[in-house]
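Chain by chain, the residues run as shown.
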Amino acid sequence: MNLPQQSKHYVEQIAKDALDQFEKVSTAAKTAIFNALNLGTDALAAVNTMTDGSALQRLGQISQANLESYQILAREPAIARVAVLDEDGRQRVYYICRTTPITGVSNLASYRAPVGRLASLPVGTEFSIPNVGIVEVVGRTQLRPSHLAEGWDSRDTIIEADDLGSFTIESLRSLLYKAAGEEVTEDRLKQLLAEESETANIIEGVRRSVITKMGLRDQPILDQYQDEIFRLPLDQRLLILGPPGTGKTTTLIRRLGQKLDIAFLEEEELRTVESVTSATGGSHANSWVMFTPTELLKQYLKEAFAREGVPAPDMRIRTWADYRRELGRSTFGVLRTASGGGAFVLKEAAETLLPEASDTPIKWFEDFDAWQKTTFINDLRQAAAGLSENSSSNIASVGRRLVETLDRANTNNLATTFSALIGEVSGIQSLVTGLKEATDEKIKGVLNLQLSRDMGFIDSLAKFIDGLQKAPDIDAEDPDDLDADEEEATSPRTGRTATVTTYMQAVRAQARTQARKRPLGKNTRNGKIIEWLGDRGLGESDRAEVGASLLIQASARRFTNPVKRYLDAIPRRYRAYRRLRQEEGRWYRKDGFNPTDLHPLELDAILLGILRGANELLSRATIVRDIDLPVWSSLKPVLDLHKNQVVVDEATDFSPIQLACMAALANPKIQSFFACGDFNQRLTTWGSRSIDDVKWVFPEIDIKEITVSYRQSRKLNDLARAIIVATSGTDSDVMLPAHVDNEGVPPTLLENAPEQTEVVDWMAQRIREIEQFLEQMPSIAVFVESEAEVQPLADALNKALAAENAQVVACPKGQVMGQDNDVRVFDVQHIKGLEFEAVFFVGVDRLASIHPQLFDKYLYVGTTRAATYLGWTCDQAIPEKIASLRPMFKMNWQQ
């Protein structure tokens, strides 16, 4: 592109100014790094005299944050240059950087600051700058700094100006070097070559960049609409919806980065954060969690956070599958462990649920939650009624007071009920302690009798118990014994003391079930122990006496710590609920699984019941204030899970129950929840299907839609929209960015190719064409319909491309393998959220037959991973459902 002389001079001035600014900022940042790493003795002494722990912590955080900012500025001094005219007609120039600016550079501002929004505004837009007033954007330059041996440069710089439009400059340094070396010459050949070089360096419009490495695209500057979203207040509940390539995840990351930096919080946001951190003693910079559906996407998210200067350890970016297991196993004791734990064994393939449960998860959960709350209250009422009828006037008096309280109980407001019950706790605890001492003495008497007969009795019992623990088909607890000992929750796990404790638990269970006129479960641990004991337990009369006392204790114990009993027993109530609904033929299959089997979606429901139940109580300031009291302390595990920010990528892959669990982790004082996704990209049968599903989690959630897609060419974007229409999906008004060369090339299709050899040869030839066109090997991915296809296809394609020295690597289970310019082969289920310059989708018709429920989603997601080049292969013919798309394809790119 040839520029007029006046425009050429304008561009050269921008180039010189920008490269000078790079050097100035970079030098200042390097000096600051040196000073930070070489603190003088006076600075160290000042730090050592500080005694306030929180002050020291803040100082440490500030110093670390500053050092990280300096390091970013040293390698990337600025990402944009914006020229504005103020109300007096004076021009001001602002440089925008990705991180906190360094002092001493007056016109450098962080993108996170309010003035940073200038970088996202189109030329001609007016904007109000604090202490300056209204300004108009008259020029905008998007910079991509690159430090070379000879000095700074900016590659593929995009310049926008009123009278020039938009254009891309390959190298600012080359532009300046050419300008400085201009002279009149008689060498016509040299002049022609110089003009050609200059023309090639300046390209009209915005040039599409070739994707050369696998990962998430780096978009330093958000567009006007993305920028507006990411700057919304911290206490917002937000869902960003948009088709692939619209920068949803980038916006999410950018928002999180800004809201973690207290330097750029609004005054009200800062006051809220300081209030929360002073109450919890935690750090706002560490109080966040991000959920993503796959391990592969998690790794690339960590890279994207690193570009923003946001530390993102594994404990912050989590897959829900890992986090759910951790909660179920370690935090809430739902799942069985080697040392005990809950009664359930999590099995990914457990066939427990009917399709209606995963198809309508909200109705399923609401049915369970209402049932378990009602069951809990009814259980309390029954226990109180039993106490009120006791022959002891003292016990009966307590019972009557409890009956009166529970008559007013409402399952929709358990906090009020719990608060009313707390006043009776100390009296009931004394009552239980007295009764328990008497029954324990009687049981220990029998145990001592056995020891007097056989001193090896305990050791023999211990050996038998050890054998039970190794038996996988033995139930740890009896679902019918809802009064299993709570006071032994922290009992020793090993040694003779543990054996004695287990003996007493079994004997109590036998006496208690007999008093209720119920049998003790034969396949439970207690049942097996009683069977082994034979007549070495309580006698008939003692068993009746102890059993009657234990029933009174059980009724009374329901009120010694009602909050703990409510939360801890939710898994047990779930098991009873499942058995009931199973008999009714609702939600669950009639058979085909063990009572201990638990599907992951069932664990979600249990966790949500616990989290919501605890949060209902934690929403009361008086309860949080008294959290250290024994009656409320069981809420601490949930309180400790709360985060100042909860963010969710690819939200539509998660069920409403899973999203609700994530939302329950948001600190109630801030309620910051930010998610993004696309219903057309849902790759799970249980994923959220509509805005109504999300609004069930947060009725007040703000829905924002972004529609400018930066990934795909026009031809591939047209194909993606045609797929949605053909498969009855929800079309969106996708727009392509202005002034960009978006045309691209048609997708390619190979049909009637059932043999791998033919498919591999065809793909190898297409890959050769791509490399010839681009003169480099870009990021290329091959998607197959199953994990079993990954390695064989990679081996065959690797052999076919051996002459080109191209390497093809298998990525089993979505693991990142190989180098940036390698061709990678994936199972299609692992590719969510990634993008490549070229994609080949193998066996499209086979995928349709194997995954009929999700075929359209897999096809859409797989297709939209490609930026420019796309190839499909079919064993037979393109599926009838999408046969109308055939005219959009070519056989090869030579056509």
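The rules behind these values
- Residues numbered from 1 in each chain as written.
- Predicted model: local features only at pLDDT ≥ 70, side-chain atom pairs only at ≥ 80, totals over all residues.
- Heavy atoms only, no water.
- Core = buried A, V, L, I, M, F, W, Y, C linked by side-chain atoms within 4.5 Å.
- Buried < 20%, exposed > 50% of the residue type's maximum accessible area, 1.4 Å probe, protein only.
- Contact = heavy atoms within 4.5 Å.
- Pairing = 2+ DSSP bridges.
- Helix = DSSP H or I, 4+ residues; strand = E, 2+ residues; numbered from the N terminus.
- Axes fitted to C-alpha atoms, helices over the stretch in contact; angles between N-to-C directions.
- Phe/Tyr/Trp six-rings, centres within 6.5 Å; stacked < 30°, edge-to-face > 60°.
- Lys NZ or Arg CZ within 6 Å of the ring centre and 35° of its normal.
- Polar contact = N/O pair within 3.5 Å; in protein donor to acceptor, adjacent residues only side chain to side chain.
- Salt bridge = Lys/Arg side-chain N within 4 Å of Asp/Glu carboxyl O.
- 1 Å grid on protein atoms, 1.4 Å probe; cavity = no way out; pocket = protein on both sides within 12 Å on 5 of 7 lines; lining within 4 Å.
- Points joined across faces, edges and corners; volume = space filled by probe spheres on them.
- Nonpolar A, V, L, I, M, F, W, Y, C, P; charged D, E, K, R; others polar.

**Student:** Residue-level account of the nonpolar core, with values.
**Tutor:** Grouped together as the largest cluster of nonpolar side chains are 89 residues, with contacts concentrated most on Trp364, Phe559 and Leu635. If we ignore the near neighbours within four places in the chain, the residues touching tryptophan 364 are Leu353, Ala357, Tyr574, Tyr577, Trp587, Tyr588, Leu601, Glu602 and Ala605. Counting residues in hydrophobic clusters, the runner-up holds 61 residues, among them Ile240, Ala781, Val844 and Leu847.

**Student:** Can you tell me about the sheet that holds strand 19 (residues 702-705), naming the residues and giving the values?
**Tutor:** One open sheet holds the 6 strands; their spatial order is 12-11-17-18-10-19, and the pairing between them is parallel. Strand pairing shows two members of the sheet lacking a second neighbour, strand 12 (317-319) and strand 19, which therefore form its edges. Averaged over all pairs of adjacent strands, the angle between strand axes in this sheet comes to 20°, irrespective of strand direction. Bridge analysis of strand 11 (residues 288-292) against strand 12 gives 3 bridges, and the strand direction is parallel. Counted as the bridge partner of phenylalanine 291 is arginine 318 from strand 12. Seen against the sheet, helix 10 (residues 320-331) touches strand 11 and strand 12 and runs at an angle of roughly 85° to strand 12.

**Student:** Give me the packing of aromatic side chains: which residues, what numbers.
**Tutor:** With the rule as written, the count across this model stands at 32 aromatic pairs. Residues phenylalanine 365 and tryptophan 696 carry aromatic rings whose centres are separated by 6.1 Å and whose planes lie at 80° to one another, so their mutual orientation is edge-to-face. On the criterion of sequence distance, the pair formed by phenylalanine 365 in helix 12 (residues 361-388) and tryptophan 696 in helix 26 (residues 691-697) is long-range, its members being 331 residues apart. With a relative accessible area of 17%, tryptophan 696 lands in the buried category. Lying across the ring of tryptophan 696, arginine 612 places its NZ or CZ 4.5 Å from the centre.

**Student:** Hey, could you go over the side chain of serine 672 for me, with residue numbers and the actual values?
**Tutor:** On the secondary structure map, serine 672 appears in the loop between helix 25 (656-663) and strand 18 (673-677). From its side chain, serine 672 meets the backbone oxygen of leucine 234 in a polar contact 2.8 Å long.

**Student:** Before we move on, could you go through the pattern of salt bridges and cite the residues and values that matter?
**Tutor:** In total, this model carries 52 salt bridges according to the counting rule given. Across the pair aspartate 86 and arginine 92 runs a salt bridge whose closest N-O atoms are separated by 3.4 Å. A residue is classified by how much of its surface remains accessible, and arginine 92, at 29% relative accessible area, is partly exposed. Among the charged side chains, a salt-bridge network with shared partners connects Glu76, Arg98, Asp218, Arg254, Arg307 and Glu308.

**Student:** Got a sec to walk through the side chain of threonine 727? Specific residues and values, please.
**Tutor:** Within the fold, threonine 727 resides in the loop between helix 27 (714-726) and strand 20 (748-750). If we skip the residues at most four places from it in the chain, threonine 727 touches Asp856, Lys881 and Ile882.

**Student:** Any details on unusual backbone geometry? Residues and values, ideally.
**Tutor:** Positive phi, normally seen in glycine, also occurs at glutamate 775, with a value near 60°. Within the secondary structure, glutamate 775 sits in the loop between helix 28 (756-774) and strand 21 (780-784). When its relative accessible area of 73% is taken as the criterion, glutamate 775 is described as exposed.

**Student:** So, empty space enclosed by the protein: which residues are in play, and what are the values?
**Tutor:** Counting across every chain of the model gives 5 cavities of 30 Å³ or more. Mapped onto the lining of the largest cavity, the elements with two or more residues apiece are helix 7 (248-260) and helix 9 (295-307). Residue composition of the lining of the largest cavity, grouped by class: 5 nonpolar, 8 polar and 11 charged. For the second largest cavity, the calculated volume is near 60 Å³. Forming the walls of the second largest cavity are 12 residues, and the residues nearest its centre are Pro243, Asn717, Ala720, Val734 and Tyr860. Of all the elements, helix 27 adds the most residues to the lining of the second largest cavity, at 4 residues. The class makeup of the residues in the lining of the second largest cavity is 6 nonpolar, 5 polar and 1 charged.

**Student:** How would you sum up the environment of phenylalanine 773? Please name residues and give values.
**Tutor:** You can see phenylalanine 773 is positioned in helix 28. Note: C-alpha distance between phenylalanine 773 and glycine 843 (70 residues apart in sequence) is 26 Å. Among all residues touching phenylalanine 773, those that are not within four sequence positions of it are Tyr869 and Trp893.

**Student:** Go over the pairing of strand 11 with me, naming the residues and quoting the values.
**Tutor:** Most of strand 11 is tucked away, with 5 of its 5 residues classed as buried. Of the two faces of strand 11, both are covered, the one formed by Trp288, Met290 and Thr292 as well as the one formed by Val289 and Phe291.

**Student:** Which residues make up the sheet that holds strand 21, and what values do they have?
**Tutor:** One open sheet holds the 6 strands; their spatial order is 20-25-24-21-23-22, and the pairing between them is parallel. The sheet terminates laterally at strand 20 and strand 22 (808-810), the two strands that pair on one side only. Averaged over all adjacent pairs, the angle separating strand axes in this sheet is 20°, with direction ignored. Summarising the sheet, strand 24 (residues 836-841) and strand 25 (residues 866-873) pair through 5 bridges and their orientation is parallel. In the strand pairing of strand 25, phenylalanine 841 is matched with tryptophan 872.

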